[in-house]
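# Chains, contacts and geometry: an overview
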Amino acid sequence: MEDEEKSIVEEPQLSHPFRKEIKLKEGKKLRVLSLFSGCGGMDLGFEGGFITHKGSVNEKTCPDYVSEHLDNDFVRLKPTIFQTVFANDILPDARIAWVHYFSQLGNEDSIYRTESVVDLVKMHRATKDIFPDDIDVVTGGFPCQDFSVAGKRRGFESHKDHNGNYIQSETASEETRGKLYFWMKEVIDITRPKIFVAENVKGLTNLGNVKDIIQKDFSSAAGNDYIVLPFLLVSGNSQQPSRQI
């Protein structure tokens, strides 16, 4: 019993003072705008309803997450109150994977855009009709290659642009891969969601003052309307840091 108790991963966010129960009208969903979506890992987590290993779910603290226990230690999670209404990534193969899965949930393939977030913001500023209205949540795992300890750690001085092409010019630009978080902030300025979630690797936290700059920029979104709370998450039962939000 003692060993079992030690294996439980603490979830301090469940008792956070900013957390409160959200009550919606029957059938209403919270609208999620997803950036840097890839094949939909974060979107899947928000929407729920998928099958996963039971070790991925803390049923001690969240007993209502599971709708069904399956064979071989797998469980099916309950659908949530979130629905993805916009997604984007520059990789066509990621779009194919996303559309293949999420079309089964009733999402139209037209909501997934393959333009870069830089181009999407510029188009929206020009035409005013790229991003949907009434967005509740903005999510985005902005590119980590320039911050990861597994890479060259160029930070904001990335050698690639927002489309993943090598930069030939030496002229300073806000459109490098390492600064795409700033364009996510621009989307937050435009859509003014209730909350946003920005995800990246642990290496972002120990690369000079990069973390402080990014946190300050996100705090200035929509006229300083947001409180930015950094969380260092742990992976499984290893208690080793894995992701910075």
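Residues numbered from 1 in each chain as written. Predicted model: local features only at pLDDT ≥ 70, side-chain atom pairs only at ≥ 80, totals over all residues. Heavy atoms only, no water.

Scanning the model with the defined rule gives seven salt bridges in all. Residues Glu 186 and Lys 185 are paired through a salt bridge, measuring 3.4 Å at the closest nitrogen-oxygen approach. The class for Glu 186 is buried, based on a relative accessible area of 16%. Overall, the relative accessible area of 8% leaves Lys 185 in the buried class. Between Asp 189 and Lys 185 there is a salt bridge; the shortest N-O distance is 3.0 Å. Of this pair, Asp 189 and Lys 185 are both found in helix 5 (residues 180–191), four residues apart, which corresponds to roughly one turn of the helix. In this structure, a network of salt bridges that share partners links the residues Arg 125, Lys 185, Glu 186 and Asp 189. (Salt bridge = Lys/Arg side-chain N within 4 Å of Asp/Glu carboxyl O. Buried < 20%, exposed > 50% of the residue type's maximum accessible area, 1.4 Å probe, protein only. Helix = DSSP H or I, 4+ residues; strand = E, 2+ residues; numbered from the N terminus.)

This paragraph deals with the pairing of strand 5 (residues 82–88). For strand 5, the buried fraction is high: six of the seven residues fall into the buried class. Bridge count between strand 1 (residues 30–35) and strand 5: four bridges; the pairing is parallel. By the bridge assignment for strand 5, Val 32 is matched with Thr 84. Note: strand 5 against strand 6 (residues 112–113), two bridges, orientation parallel. Within strand 6, the residue paired with Ala 87 across the bridge is Tyr 112. (Pairing = 2+ DSSP bridges.)

Pairing analysis gives three bridges linking strand 3 (residues 66–69) to strand 4 (residues 74–77), with the strands arranged antiparallel. By the bridge assignment for strand 4, Glu 68 is matched with Arg 76. Following strand 3, the chain reverses through four residues before pairing antiparallel with strand 4; Asn 72 in that reversal takes a positive phi of roughly 60°.

For the rest of this paragraph, the subject is the side chain of Asp 136. For Asp 136, the location among the structural elements is in the loop between helix 4 (117–127) and strand 7 (137–140). By relative accessible area, Asp 136 is classed as buried at 6%. Separated by 2.7 Å, the side chain of Asp 136 and the backbone nitrogen of Arg 31 make a polar contact. Once you skip the residues sitting within four places of it in the chain, Asp 136 turns out to touch Lys 29, Leu 30, Arg 31, Pro 193, Lys 194 and Ile 195. (Polar contact = N/O pair within 3.5 Å; in protein donor to acceptor, adjacent residues only side chain to side chain. Contact = heavy atoms within 4.5 Å.)

Next up on the list: the nonpolar core. Counting 28 residues, the largest nonpolar core has Leu 35, Val 117, Met 184 and Phe 218 as the members making the most contacts within it. Those elements that provide at least two residues to this core are strand 1, strand 5, helix 4, helix 5, strand 8 (195–198), helix 6 (210–219) and helix 7 (221–224). With six residues, helix 5 is the largest single contributor of residues to this core. Dropping the residues within four chain positions of it, Met 184 is found in contact with Leu 35, Phe 36, Val 117, Val 138, Thr 139, Gly 140, Phe 142, Val 197, Ala 198 and Phe 218. Grouped together as the second largest cluster of nonpolar side chains are seven residues, Ala 87, Val 99, Ile 111 and Tyr 112 included. (Core = buried A, V, L, I, M, F, W, Y, C linked by side-chain atoms within 4.5 Å.)

For Phe 36, which is not glycine, the phi torsion reads 50° and is therefore positive. Tracing the backbone through its elements, the reader meets Phe 36 in the loop between strand 1 and helix 2 (41–47). Residue Phe 36 is classed as buried on the basis of its relative accessible area of 16%. The residue Arg 192 is not glycine, and still its phi comes out positive at about 50°. Along the polypeptide, Arg 192 turns up in the loop between helix 5 and strand 8.

Once that is clear, we can look at helix 5. Owing to its 3.6 residues per turn, the α-helix brings residues three or four apart onto one side. For helix 5, spanning twelve residues, the distance from its first C-alpha to its last is 17 Å, which sits close to the expected 16 Å at 1.5 Å a residue. Across the twelve residues that make up helix 5, a large majority, ten, are buried. Of all the positions in helix 5, only Leu 180, Tyr 181, Trp 183, Met 184, Lys 185, Glu 186, Val 187, Ile 188, Asp 189 and Thr 191 are classed as buried. Once helix 5 ends, the next one or two residues include Arg 192, with phi positive near 50°. (Expected span 1.5 Å × (residues − 1).)

To continue, consider the confidence of the model for the chain. Overall, the prediction assigns the chain a mean pLDDT of 77, with 65% of residues at 70 or greater. Low pLDDT (under 50) marks residues 234–245, which in the prediction has 37 contacts with non-local residues, meaning those over four places away or in another chain. (pLDDT = per-residue confidence, 0-100.)

Next up on the list: the side chain of Asn 88. Position of Asn 88 relative to the elements: it lies in strand 5. In this structure, Asn 88 is in contact with Ser 34, Leu 35, Phe 36, Ser 37, Gly 38, Tyr 112, Arg 113, Glu 115, Ser 116, Val 117 and Leu 120, ignoring residues within four places of it in sequence.

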